[in-house]
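Results of the structural survey
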Amino acid sequence: MTELILTIFSYCQNKRWILLVFAICSIIFMGLGVKQLRFANDLNQFIPEDGLNLKDDFNLIQQLPAQKQILISLYKENENVKTALLVEAAKDLNSKLTPPYFSEILSEQIQAKVFNPISLRDLIPSLFSDQLATQIIASTTTKEVAKKLAEEQQELFGVGSFGKSITIREDPLELYRNVLPRLTNINALGNIRIRQGLFMNSQEDSVLIIAKTAVATTNSSETEALVKHLDKAFSELPEGIKADALASQIYAAANSSTIKNDIFTVSIIGIVGLIIIAFFFLRTINILPILLAPLIAYIAGAAAIGFVWQPTLAMIFGFAPILLGISIDYALHLYYVYSSDFLDKKETIRQVSKPILTSAFSTVLAFSLLLFSSVSGLRQLSFFIVIGLLATLCYTLFFLPHLLVKTAKRKKKNDLNKSYISVVQVITGKYRLFFRVVFAVVIVFSIFMASKITFQNHIRDLGIRPANLLSAEQRINDTWGKKSDSVMIFSFGNTMDEALYNSLKSQNYMAENGFTPKLSILGILPPVISQQKNQKAWKNFLQTEGRSLQKELQVSGGNLGFSDNAFDPFYYFLQDSPKDITYENLKELGLDSLISQLYFINEDGEHIVISMYPKEVNDIIPLLNEEILGFGSKIISMDEMGKNLGSGLSHSFANFILLALLAMAILIMLMLRSFTATVSALLPALAGLICMAATLSFMQINLGIFALAGALLVIGHGVDYGIYINHYQANKNAGTPTAIIVSGLTSLIGFGALLTAKHPALYDMGISVFSGVFAAMITALFVIPLISVRR
Amino acid sequence: MVVRQLLFQLSLLLLISVPLYATDLLGKISIANKEIKSSSMDFTQETSTIFFKTPIVSKGKLYLIRPDKLRWEYIDPAISGFIINGNTGLQWNEKFETKQIESSQLSPILRVIAGQILLWLNLDEESLSINFTITQKDYLSLQLIPIEASMQEFISVITLSFTDLDYLIKEIVIEEKSGGTTVISMQNISVNKPFLVGKFTKP
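Residues numbered from 1 in each chain as written. Chains lettered and ligands numbered in written order. Predicted model: local features only at pLDDT ≥ 70, side-chain atom pairs only at ≥ 80, totals over all residues. Heavy atoms only, no water.

**Observations regarding the overall build of chain A**
Helix and strand content of chain A: 29 helices and 12 strands. Here the C-alpha radius of gyration of chain A, 36 Å, is well above what a compact globule of 791 residues would show, namely 28 Å. For chain A, the spread of C-alpha atoms along the principal axes amounts to about 120 × 55 × 55 Å. Of all intrachain contacts in chain A linking residues separated by at least 6 positions in sequence, the fraction that spans at least 24 positions is 83%. Total accessible area on chain A stands at roughly 34400 Å², and carbon and sulfur atoms take up 62% of it. Of the charged side chains in chain A, 65 are positive and 62 negative, and the gap between their average positions amounts to 15 Å. (Helix = DSSP H or I, 4+ residues; strand = E, 2+ residues; numbered from the N terminus. Rg over C-alpha atoms; globule rule 2.2 N^0.38 Å. Contact = heavy atoms within 4.5 Å. Areas by Shrake-Rupley, 256 points an atom, 1.4 Å probe, with all protein chains shown as cover. Lys, Arg positive; Asp, Glu negative; His and termini not counted. Charge placed at Lys NZ, Arg CZ, Asp CG, Glu CD.)

Shown next, in the form of structure tokens:
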């Protein structure tokens, strides 16, 4: 292979136009690929496609009506603030929640469609189940009728007199009250009252606005603009009125703005650090061709993705530092060997091509394994890095030697190399036993700490959850009695009635297992088959009891002073034939804002009815799920899904790392044909991983996808350093230790800057790379010479 | 042409004068009530409906400390009542000849009713205009027409009448959508007299 590279080098040395043509073609090709790039922020692509159907579940959750709604709670700052001011502020705020951020104010619709509880009476025939029949029969005995009318009459003389005239005629026995409790079963917010055309709490010190938004959680620029719009509207609230807002979009905006701020700070620190390194170690005209290496890797990787994946997951480019970090190693190694050892270009290629090829192929092989991952996002990441590394490898071996120019300033690098040699001599000298013991203790302690590492166990750990948003969420939950939506059963159907029927079957099954739903629309809207059965029972009830009930009302009412036609509207209701309850009926009653939380039509036109269960169901979901699926339904626990997503992703990434190490070991073994050399080459990577895990464990950071992504860089650098230092021990190229030091320092500075980040994703990546690369560098430079030295 | 011009000027005059006229009475009420911190009075409530053979007549007393304390109690023929005290409240009725607290909080319906009564008695134009369109019926009466659909379902119009010169509330007439009418007439009005401790905390 080395001979082939040398032949090409010699051939091109006299025919540079070939390289120029190839470079121009490559630039055009990469340009076309980059032009193809279409970005998306679809988190779906980071969800495993196998096993637990997480992707389908995640999709379903994303389509929940609540995902497109923002809850805004306005509250009085103190008791002295008038309710009128609160009402005015809420109405004013409603007028500011405008497109493109807000498409509809759901809570405003209640003014147009007033809910009148008496109208629930009309639902009774279709809801006349055994349970309701028992309640109604008990309230229509002779004794109860007389008692109820006497109470009603007494109320007419007292506080209940206002507005009683309609209700007493429509429903003198207040039968609607038997249906009223069922509304709590469709209301996710238990503490809502309708006052002055607004959702208010029972203390009337807070108003809730439910606004529909078309802004997708995954669109960071739009979520930030939405939050800015809200902040502006909140800042214009009158004195004494405060507001909280709750929506997944708000958390998403907090994450993206934190990342943006972090990137700004980190970039400044990183750039200053890298300029300092360049000033000390890369003060040469050759800096430009060296820096071209990572740039080519980045552009080639992006172009390849542009050709193959449409649209591209934008987050992939967040992992770009891994590619940049590894790709610069090859160019640095070639440059330092060339500039420090006074070799000619041909001899330099002869010296460095084998270690560079070995480390590049092993890293490429490792990342290729990710192409078989069940996570689409990881496959894209793998393709991006593999193509990027191959491109930079070609550039380093075929182009870079032609671009490097001889310079006179080699003294400093040689000084650095001399210093390194003298330190190694001290370590491997008469105190080597002491240093070996120190190394052994550090490794044993690190292994002990690493063994205690824990994985991230929830997808929410990937993002930032600012304290102010959490306390706003808590205030909203407390004020409005928000019921937890931890376990949901989704029932599917081609029509709403089919979905309702499937929901009924799954609810019956859950009831057999001792679970009743916290939220369900079946209590107010059962499937047609149940409604018809109930209507039959209602007719039977009226046939036997209807006439005597009417007579009782006439007699008792007459005795109390009610006129003969006082209850005519109620008699008409009794004689009228029962009507089916439909979603449209309930909409007309003003209940659609509640029902629409538990029913929706998905992107495929499927009707979906949701019922919610307490979190205790979590424990036996696997036992229930098979049966539930048989009822055209699916049980999804938000909590379990979050855990499966978080830990599933982390575990599959961790498994990949172990597999990658194994594949690298085999390839290096095949290329170096020496067991000792292979172990020695892998030692920096292993030490880096152990120290990284120990550091994370010591700092009580759970191992998540971003820390594991950092581990990829640790492996990449670690293997490079291991191979280079082994090569150095055999050939004593003066530039190799310098290349390792400069490469390590650039990573330490670049990723060390991430330690100032506030976002956990960036911080985790920073701490893992910093600790891992530091350990890999120290192991390569000092520990390998220490353990390979003979007496 | 002259007739048309006259009509135009007349309608213009009406348009200008009506709001001024309404504001005028509210202004007078506001000035007259400015110094009133508290008041108490007896009332008689007479409700005529088609579903009761005879008018329903009941009597009671009310106590008010502006802006948010109200005790409204019926004493004849049955005892019941409610108290609003800032954000808290309670309601009671008489069962077995003892006053029984029905609830330490007002029921949702009663909260609305009690809130409305407090609005009518306080006569705060700003708060009233959120819920009602206010017009002046005659030189001592205001008409309130509900703005909200929820209230329009039950109430067509509320007429508030005031005493001459001192502009104290004299009568409240509530005309219901169903055709029924409730007339609340005030008597023995006294203002700014101290109340017993506990008037707004227990029945």
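**Thoughts on the nonpolar core**
One recurring pattern in soluble globular proteins: nonpolar side chains tend to sit buried together. Residues and elements named next belong to chain A. Ile322, Phe384, Phe653 and Ile657 are the most contacted members of the largest nonpolar core, which totals 126 residues. Per-element tally for this core: the top contributor is helix α27 (residues 705-731), with 16 residues. Contact partners of Ile657, with chain neighbours within four places excluded, come to Leu689, Leu708, Ala711, Leu712 and Ile715. Counting 69 residues, the second-largest nonpolar core is a separate cluster that includes Val179, Leu586, Leu598 and Leu645. (Core = buried A, V, L, I, M, F, W, Y, C linked by side-chain atoms within 4.5 Å. Buried < 20%, exposed > 50% of the residue type's maximum accessible area, 1.4 Å probe, protein only.)

**Considerations on the packing of aromatic side chains**
The full count for this structure, using the stated rule, is 22 aromatic pairs over all chains. Taking 4.4 Å as the distance between ring centres and 25 degrees as the angle between the ring planes, the aromatic pair formed by Phe43(B) and Trp72(B) counts as stacked. In this pair, Phe43(B) sits in strand β1 (residues 38-48) while Trp72(B) sits in strand β3 (residues 69-76), placing the two residues 29 residues apart along the sequence. A single burial state applies to Phe43(B) and to Trp72(B), both of which are buried. Here a set of aromatic residues connected by ring pairs shows up, and it is made of Phe128(A), Trp538(A), Phe541(A), Phe570(A) and Phe573(A). Positioned above the aromatic ring of Phe573(A), the side-chain terminus of Arg121(A) is 4.2 Å from the ring centre. Stacked on the ring of Tyr251(A), the Lys or Arg Arg465(A) has its end atom at 5.2 Å from the ring centre. (Phe/Tyr/Trp six-rings, centres within 6.5 Å; stacked < 30°, edge-to-face > 60°. Lys NZ or Arg CZ within 6 Å of the ring centre and 35° of its normal.)

**Observations concerning the sheet that holds strand β9 (residues 487-493) of chain A**
Remark on secondary structure: sheet strands pair via backbone hydrogen bonds, oriented parallel or antiparallel. Residues and elements named next belong to chain A. Strand order in this open sheet of 4 strands is β10-β11-β9-β12, and the pairing throughout is antiparallel. Looking at the sheet topology across the chains shown, the edges are occupied by β10 (599-601) and β12 (633-637). Within the sheet, the average angular offset between the axes of one strand and its neighbour, ignoring direction, is 25 degrees. Here 3 bridges tie β10 to strand β11 (residues 607-613), and the two strands are oriented antiparallel to one another. (Pairing = 2+ DSSP bridges. Axes fitted to C-alpha atoms, helices over the stretch in contact; angles between N-to-C directions.)

**What to know about empty space enclosed by the protein**
Residue and element names in this part refer to chain B. Under the defined criterion, the tally for this structure stands at 6 cavities of 30 Å³ or more. Estimated volume of the largest cavity: approximately 130 Å³. Every residue lining the largest cavity is counted, 13 residues in all, and those nearest its centre are Asn33, Ser39, Met41, Leu121 and Ile169. Elements with a minimum of two residues in the lining of the largest cavity: β1, β2 (56-65) and β11 (181-191). When its residues are assigned to classes, the lining of the largest cavity shows 10 nonpolar, 2 polar and 1 charged. (1 Å grid on protein atoms, 1.4 Å probe; cavity = no way out; pocket = protein on both sides within 12 Å on 5 of 7 lines; lining within 4 Å. Points joined across faces, edges and corners; volume = space filled by probe spheres on them. Nonpolar A, V, L, I, M, F, W, Y, C, P; charged D, E, K, R; others polar.)

**Some words on unusual backbone geometry**
With an omega of 5 degrees, the peptide bond between Pro99(A) and Pro100(A) qualifies as cis. Looking at the element boundaries, Pro100(A) is found in the loop between α4 (83-96) and β3 (104-105). In this model, Arg66(B) is joined to Pro67(B) through a cis peptide bond whose omega is 5 degrees. Note that Pro67(B) resides in the loop between β2 and β3.

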